[in-house]
Amino acid sequence: MSPANLEEWFPWTKSPVICNGPMLGVATPKLATEVTKAGGIGFLPSAFDVTPSSEQLEKLVSDLTDSQTLLGSTSSGVINVGISFITGHESITQFSETVLPILEKLRPAALWLFAPDGLVKPHGTIIKAVKSLDPAPRVFVQVGNVTAAREAVRDGADVIVCQGIDAGGHQFRRGMGVVSFVPEVRDMLEGDEFGGREIGVLGAGGISDERGVAATMVLGADGVVMGTRFTVAEESSYPEFRKQIVLSTVDGGTSTFKSPFNDQVSNLSLWGPLYDGRAVVSTIHERFLKGATVQDLQKSLREDYSSEEATKLVRTWAGTGVGLVKEIKPAGEIVTEAREGAKELIRKLAGRF
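What counts and how
Residues numbered from 1 in each chain as written. Predicted model: local features only at pLDDT ≥ 70, side-chain atom pairs only at ≥ 80, totals over all residues. Heavy atoms only, no water. Helix = DSSP H or I, 4+ residues; strand = E, 2+ residues; numbered from the N terminus. Expected span 1.5 Å × (residues − 1). Buried < 20%, exposed > 50% of the residue type's maximum accessible area, 1.4 Å probe, protein only. Contact = heavy atoms within 4.5 Å. Pairing = 2+ DSSP bridges. Axes fitted to C-alpha atoms, helices over the stretch in contact; angles between N-to-C directions. Phe/Tyr/Trp six-rings, centres within 6.5 Å; stacked < 30°, edge-to-face > 60°. 1 Å grid on protein atoms, 1.4 Å probe; cavity = no way out; pocket = protein on both sides within 12 Å on 5 of 7 lines; lining within 4 Å. Points joined across faces, edges and corners; volume = space filled by probe spheres on them. Nonpolar A, V, L, I, M, F, W, Y, C, P; charged D, E, K, R; others polar.

> How should I be thinking about helix H17 (residues 331-351) in this particular structure?
Residue pairs three or four apart in sequence face the same way in an α-helix, which turns once every 3.6 residues. For H17, built from 21 residues, the straight-helix expectation of 30 Å at 1.5 Å per residue is met to within 8% by its first-to-last C-alpha distance of 31 Å. Inspection of H17 places Ala-331, Gly-332, Ile-334, Val-335, Ala-338, Arg-339, Gly-341 and Ala-342 among the buried residues, and these make up the whole buried set. Where the residues of H17 are buried, they touch strand E2 (17-20), helix H2 (29-37), helix H9 (210-218), strand E9 (223-226) and helix H10 (228-231).

Spelled out as structure tokens, the structure:
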């Protein structure tokens, strides 16, 4: 198994390659294109409803069109950003009917897939259909353990996003930390099982600055994905009150909570039983940890708080690296500082031996 050359696949990038997570409610065309302009791979926010009348698909078309305007045309006609789909929604069976025409017409450079339902496994069919396009976007599949990584490679993924349990937002319940995850996936890819294919590996989860980037590269990744760090990018659409929560939060081990509770308390039904989410702890979380039931807390959010107050108590998704996120900056600066800082750290470390 040969390591992928992401700079060959995405010729505008610089190593180590930095990507923003395709976060709903955070990523925007401006954010994604600024990441791309800085030498990373910018991703637009995920969609999940792919029915023919989907407003999300209409927004996707609009976001891709805006991205093309912001980046300018390429000789190949490819738009140098990625798009993403959460694949656990019941409409995913209509992907070829509704999404393929968008890919064929607008030509995004990358397609990111995550979170299929436990019983429905659509990725193999989706990837096969996507690979029939010319040019075909490179397919990223986000996973949380080695078993899922192996399945993604068999399905035809070009890039495996190894999301560790330190990540903010949604992830595998049965996951593992990046420190063991990335090396084990790299070992799997370098064995005889998948000989001859080039597969990229990205590390994700708890990576907030150049130190996390450098460490993840040493583990064997070709690049990294950062999520929490980009929630407070200037171009992020995260509400200002959530940005301030992220900036004021320290000690992600105690101040964030990975649990199905984060979906249950808000009646979020998109995510199946294989997944949970990590969010910043509020008084609602503290009450749950002290024994209050989900039903009690749902009632309390309705009756004891205004709608504005209740919104601030839940769904501020952030990873354990949140304590390292200390200022709002343009997305391009975040990419450049993380990449160049990581290179300098690796040089210094090499010089010590």
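> What should I look at first to understand the sheet that holds strand E7 (residues 169-172) in this one?
In a beta sheet, neighbouring strands are held together by backbone hydrogen bonds and run either parallel or antiparallel to one another. Pairing within the open sheet is antiparallel, and its three strands lie in the order E7-E11-E10. Of all the strands in the sheet, the pair left with one neighbour each is E7 and strand E10 (256-259). Shown here is a sheet whose adjacent strand axes are inclined to one another by a mean of 25°, direction ignored. As defined by bridge partners, E10 adjoins strand E11 (residues 275-280) across four bridges and the pair is classed as antiparallel. Looking at E11, one finds that Thr-256 is bridged to Val-280.

> Please clarify how the packing of aromatic side chains should be interpreted in this entry.
Each aromatic ring pair is characterised by the separation of its centres together with the angle its planes make. Evaluated as defined, the whole model comprises 13 aromatic pairs. Measuring from ring centre to ring centre gives 6.3 Å for Phe-257 and Phe-288, while their planes differ by 50°; the resulting arrangement is tilted. With Phe-257 in strand E10 and Phe-288 in helix H14 (residues 283-289), this pair connects stretches of sequence that are 31 residues apart. We classify Phe-257 as buried; its relative accessible area is 17%. Assessed through its relative accessible area of 24%, Phe-288 is described here as partly exposed.

> Is there a simple way to explain the layout of surface pockets in this structure?
Regions of empty space are outlined by a rolling probe, equal in size to a water molecule, passed over the atoms. When its volume is computed, the largest pocket comes out at roughly 840 Å³. Where the lining of the largest pocket is concerned, the elements lending two or more residues are strand E3 (79-86), strand E4 (108-114), strand E6 (159-163), E7, E9 and H10. It is E3 that provides the largest number of residues to the lining of the largest pocket, a total of three residues. Split into classes, the residues belonging to the lining of the largest pocket amount to 22 nonpolar, 18 polar and two charged. Reported here for the second largest pocket is a volume of approximately 380 Å³. Asn-145, Ala-148, Glu-151, Phe-172 and Leu-274 are, among the 20 residues lining the second largest pocket, the residues nearest its centre. Secondary structure elements with two or more residues in the lining of the second largest pocket: strand E5 (138-143) and helix H7 (146-155). Here the lining of the second largest pocket is built from residues that sort into nine nonpolar, five polar and six charged.

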